[in-house]
Amino acid sequence: MFDHFCSAGTMKQILALHREICNTLNLKPNRLPDFYPKIKAKLANSWKAQALFKKFDLRANHKVYGKGRICAQTKVLIIGAGPCGLRVAIECQLLGAKVVVVEKRDRMSRNNVLHLWPFVIQDLRALGAKKFFGKFCAGSIDHISIRQLQCILMKVALLLGVELHEGVSFEELLEPTVGRHGERLGWRARVSPAEHPVSQYEFDALVGADGKRNTLPGFKRKEFRGKLAMAITANFINRHTEQEASVPEISGVAFIFNQKFFKKLFEVTGIDLENIVYYKDDTHYFVMTAKKHSLLNKGVLLNDYAEVSRLLSVENVDRTALMKYAQEAARFSTCGLLPLVDFALNHYGEPDVALFDFTSMYAAENASIVYERQGKRLLCQLVGDSLLEPFWPTGSGCARGFLSALDAAWAVRSWGQIPAPHPLEVIAERESIYRLLAQTTPENLHRDFGAYTLDPGTRYPNLNRTAVTPHRVTSFYDCDEAVQLDAAIGTRKRRREMDISEGALISWVGCAEADLASAVGAQALADLVRRYRPDLMPPSAPPNAVYHVLQQEFGITPFSPTGAAYEVPEAKLRSYLARVYLAFKGEVP
Ligand code: FAD
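What you see is a predicted model; the values in this text were computed from it and never measured.

Cut-offs and rules
- Residues numbered from 1 in each chain as written.
- Predicted model: local features only at pLDDT ≥ 70, side-chain atom pairs only at ≥ 80, totals over all residues.
- Heavy atoms only, no water.
- Helix = DSSP H or I, 4+ residues; strand = E, 2+ residues; numbered from the N terminus.
- Rg over C-alpha atoms; globule rule 2.2 N^0.38 Å.
- Buried < 20%, exposed > 50% of the residue type's maximum accessible area, 1.4 Å probe, protein only.
- Areas by Shrake-Rupley, 256 points an atom, 1.4 Å probe, with all protein chains shown as cover.
- Lys, Arg positive; Asp, Glu negative; His and termini not counted.
- Charge placed at Lys NZ, Arg CZ, Asp CG, Glu CD.
- Pairing = 2+ DSSP bridges.
- Axes fitted to C-alpha atoms, helices over the stretch in contact; angles between N-to-C directions.
- Contact = heavy atoms within 4.5 Å.
- Disulfide = S-S within 2.5 Å.
- Near = heavy atom within 4 Å.
- Polar contact = N/O pair within 3.5 Å; in protein donor to acceptor, adjacent residues only side chain to side chain.
- Nonpolar A, V, L, I, M, F, W, Y, C, P; charged D, E, K, R; others polar.
- Parallel < 35°, antiparallel > 145°, perpendicular 65-115°, else oblique.
- Left-handed = near helix turned anticlockwise from the far one by under 90°.
- 1 Å grid on protein atoms, 1.4 Å probe; cavity = no way out; pocket = protein on both sides within 12 Å on 5 of 7 lines; lining within 4 Å.
- Points joined across faces, edges and corners; volume = space filled by probe spheres on them.
- Domains from an automatic or database assignment.
- Phe/Tyr/Trp six-rings, centres within 6.5 Å; stacked < 30°, edge-to-face > 60°.
- Core = buried A, V, L, I, M, F, W, Y, C linked by side-chain atoms within 4.5 Å.
- Arc of directions from axis to C-beta.
- Patch = residues over 30% accessible without salt bridge, like charges linked within 9 Å, V, L, I, M, F, W, Y side chains within 5 Å.
- Salt bridge = Lys/Arg side-chain N within 4 Å of Asp/Glu carboxyl O.

1. A word on the overall build of the protein chain
Here comes step 1: Per the secondary structure count, the protein chain includes 22 helices and 19 strands.
Here comes step 2: Computed over C-alpha atoms, the radius of gyration of the protein chain comes to 27 Å, within 12% of the 25 Å expected from 2.2 N^0.38 for 589 residues, which places it in the range of a compact globule.
Here comes step 3: Overall, the C-alpha framework of the protein chain stretches about 85 × 60 × 45 Å when taken along its three principal axes.
Here comes step 4: Residues counted as buried form 54% of the 589 residues belonging to the protein chain.
Here comes step 5: Here the protein chain has roughly 26400 Å² of accessible surface; of this, 53% comes from carbon and sulfur atoms.
Here comes step 6: Distance from the positive charge centre (73 side chains) to the negative charge centre (63 side chains) of the protein chain: 4 Å.

As structure tokens, then:
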């Protein structure tokens, strides 16, 4: 049964076999410590299972997961079993949280192929991808079909104990309330079908991984509008003949600059492209960015409209002409060596060719929000395409999506710790990390992929965890009792300020004089800020500007309007310095 589970290729088979395995072994999906050791022990006779579990153990035993107990009190709901939802589910499960995933589809049917950055390949290998899919990234292959990737991640998640419900759609977030018998109910979800048991599940962390049409409210989106960009994807049946195997792939980067090729393509076929990518996978997959005039000339677009949604509306696209266009471009770019006769079929059983608009792309303004109602807190986060929409022809979606999944799980880790940090601290760190995401490339990540852990510091070389300070994210903490919020920060702040000795503060500033008044002097503080955050104090800024900078950036009110320390009581100076110290340590100032 286990071997069948490992080789199963559809969502239906995977879930059915997993249920059968669990029933036979008398197990129920649960938190890692209550599920994983049991399934491992019961499958001790299967060498394949043991080889896989060895890999899982290697990851699970890392200290960052605290032996699978660090989030023992945390319950997570994940919306969407796309690659990013499943990746974040795996990490939350390793942290020991209770993890439930809802997926509205009952099938995984996306033929399209994702380009994988080297760290993603390493990450998936470490999760045992090859045990489930022997051809995974063999040789120089650096891509995988979305469907295959989902299969691999789903199997890993299920074997670790994640609970997954297919055919269940998240509809709405429900606030805590009092139940029929007077019991206090926590955060829940309204789902479809309405009576599904998941509707009773109470959680304190919610992850929106439902793709670009994000259904979670409260996240504003910003639009990046570029020049008109229309991409065509096309999948042809791969019969895996020797002839097909010998035709080289086309990597996007290599072709983007090959103007001679595109000129020739236009002369011979009338097709005008900006780029084209070809990957040989389960299908022959092509993605190309086409110029409008050639789509109009070739009859793919029937009429020219300025408004993109109208231009690409179903009524304005001739599907037969689109298929011909994609086929012709694909044949020309592979020098006619591929037969490319039959299209593979899509989710709806139709030839898998599609035309998409990438003129406007969206990104969420923030990655996290905390809601608090009647004393119950909920950490909400977005990952993957919900957070940052990818441009398919460059294939950055899955890699940035995986980074966001790991970053979100890191925030769940902070959320689940006891004692729990203040919500604003969790949000501030999450937003500091999110600032880096859109700029990440394979080149500016840490090179040592083997050293990557859940800790974002192992991935981003230039990570500043305090780039966003807690006082700047107060709008992302939606609490029904504002007074309590201030009090909570105040108490923590005072307690932490008292924890640091005066001597330690003065020596941390590093000024020559060993007294408080000198340590809070403009020159000493300006030097200090330049040491930690040179971006805040350019060399041309006068030292006195430091008080203003500290107020603007960290919300630290100057100890006196004039900056004259000798007029101010020592306790006030000490408190001021302690707040500066805490600000740079990433604590609530
Ligand atoms: P997705 O993969 O979109 O997964 C989201 C999941 O959430 C889906 O399974 C969806 O059914 C589920 N869902 C949505 N709403 C709900 C709800 N209310 N309740 C429960 N579940 C819900 N990228 C490329 O680089 N190249 C491509 O050619 C390419 N083709 C694509 C084709 C399609 C049709 C789509 C949708 C995406 C494509 N992408 C492509 C994007 C790529 O798939 C994503 O970047 C990658 O899969 C990571 O996405 P994700 O997990 O964030 O979201």
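2. A closer look at the sheet that holds strand β5 (residues 163-166)
Here comes step 1: Spatially, β5-β2-β1-β10-β18-β17-β19 is the arrangement adopted by the 7 strands of the open sheet, whose pairing is mixed. With partners counted over all chains shown, the strands left at the sheet margins are β5 and β19 (477-479), one partner each. The mean angle between the axes of side-by-side strands here comes to 15 degrees, regardless of whether they run parallel or antiparallel.
Here comes step 2: Here 5 bridges tie strand β1 (residues 75-79) to strand β2 (residues 98-103), and the two strands are oriented parallel to one another. Its bridge partner lying in β2, Ile79 is registered against Val102.
Here comes step 3: Along the sheet, helix α15 (residues 397-416) makes contact with β1, β10 (205-208), β17 (368-373) and β18 (376-382), crossing β18 at roughly 165 degrees.
Here comes step 4: Of the strands in this sheet, β17, β18 and β19 are in contact with helix α16 (residues 423-437), which crosses β17 at around 165 degrees.

3. Looking at the side chain of Thr334
Here comes step 1: Along the polypeptide, Thr334 turns up in the loop between α14 (319-333) and β15 (353-357).
Here comes step 2: When near neighbours in sequence (up to four residues on either side) are disregarded, Thr334 contacts Val247, Tyr278, Phe286 and Leu340.

4. Quick notes on the state of the cysteines
Working definition: the covalent bond between the sulfur atoms of two cysteines is a disulfide.
Here comes step 1: Overall, the coordinates contain 0 disulfides when judged by the stated rule.
Here comes step 2: A disulfide-free cysteine, Cys84 has its sulfur positioned 5.9 Å from the sulfur of Cys398, the nearest such atom.

5. Focus: the site of the ligand
Here comes step 1: The local shell around the ligand holds 29 residues, among which Cys84, Glu103, Arg110, Tyr285 and Asp385 are the closest.
Here comes step 2: Within the contact set of the ligand, an oxygen atom lies 3.2 Å away from a side-chain nitrogen or oxygen of Arg105.
Here comes step 3: Protein burial of the ligand: of its 960 Å² of free accessible surface, 90% is covered by the chains.
Here comes step 4: Split by residue class, the shell around the ligand holds 13 nonpolar, 10 polar and 6 charged.

6. Regarding the packing of helix α6 (residues 118-126) against α15
Here comes step 1: Viewed as axis vectors pointing N to C, α6 and α15 meet at an angle of 60 degrees, and their least axial separation amounts to 9 Å. One way to sum up the angle between α6 and α15 is to call them oblique. Where α6 crosses over α15, the two elements pack in a sense that is left-handed. Touching Phe119, Val120, Asp123 and Leu124 of α6 are Ala399, Phe402 and Leu403, all from α15.
Here comes step 2: When its residues are assigned to classes, the contact of α6 with α15 shows 6 nonpolar, no polar and 1 charged.

7. Quick notes on empty space enclosed by the protein
Here comes step 1: Scanning the entire structure with this criterion turns up 1 cavity of 30 Å³ or more.
Here comes step 2: Of the volumes computed, that of the largest cavity is approximately 40 Å³.
Here comes step 3: Residue assignment for the lining of the largest cavity shows that the elements contributing at least two residues are α15 and α16.
Here comes step 4: In terms of residue class, the lining of the largest cavity is built from 4 nonpolar, 1 polar and 3 charged.

8. Regarding the domain arrangement of the protein chain
Here comes step 1: Splitting the protein chain by domain gives domain 1 (2-222 + 364-470), domain 2 (227-358) and domain 3 (494-584).
Here comes step 2: Taking only C-alpha atoms into account, the centre of domain 2 sits 60 Å from that of domain 3.

9. Notes on the packing of aromatic side chains
Here comes step 1: This structure, assessed with the given rule, holds 22 aromatic pairs.
Here comes step 2: Their ring planes at 65 degrees and their centres at 5.3 Å tell us that Phe358 and Trp392 sit as a pair that is edge-to-face. You can see Phe358 sitting in the loop between β15 and β16 (360-364) and its partner Trp392 sitting in the loop between β18 and α15, a full 34 residues away along the chain.
Here comes step 3: Exposure remark for Phe358: the relative accessible area of 6% places this residue in the buried category.

10. What about the nonpolar core?
Here comes step 1: Among the nonpolar cores identified, the biggest contains 127 residues, and Ile39, Leu77 and Phe136 are the most heavily contacted of them.
Here comes step 2: For this core, the element with the most residues is α15, which contributes 12 residues.
Here comes step 3: Of all hydrophobic cores here, the second largest spans 35 residues; its members include Leu505, Ala541, Leu550 and Val580.

11. Re helix α3 (residues 32-42)
Here comes step 1: Regarding α3, the residues found buried are Leu32, Phe35, Tyr36 and Ile39. With its buried residues spanning 95 degrees around the axis, α3 presents them on a single face.

12. Re the environment of Trp508
Here comes step 1: In this structure, Trp508 sits in helix α18 (residues 502-509).
Here comes step 2: Judged by its relative accessible area of 12%, Trp508 is buried.
Here comes step 3: For the pair formed by Trp508 and Arg447, sequence separation is 61 residues and the distance between their alpha carbons is 32 Å.
Here comes step 4: The residues contacting Trp508, other than those within four sequence positions of it, are Leu528, Arg531, Tyr532, Val580, Tyr581 and Phe584.

13. So, the sheet that holds strand β14 (residues 283-290)
Note on sheets: strands pair through backbone hydrogen bonds, and any given pair is parallel or antiparallel.
Here comes step 1: Strand order across the open sheet formed by 4 strands is β13-β14-β12-β15, with antiparallel pairing between neighbours. Every interior strand has two partners, whereas the edge strands, β13 (273-280) and β15, have only one. This sheet shows a mean twist of 15 degrees between the axes of neighbouring strands, independent of strand direction.
Here comes step 2: In this structure, β13 lies alongside β14, joined through 7 bridges in antiparallel fashion.

14. Brief notes about the pairing of β13
Here comes step 1: In terms of residue burial, β13 counts as a mostly covered element, since 7 of its 8 residues are buried.
Here comes step 2: Hairpin connection from β13 to β14: 2 residues lie between these consecutive antiparallel strands.

15. Side note on a positive patch on the surface
Here comes step 1: The grouping of Lys55, Arg125, Lys130 and Lys131 at the surface amounts to a positive patch.
Here comes step 2: With respect to the helices and strands, Arg125 occurs in helix α6.

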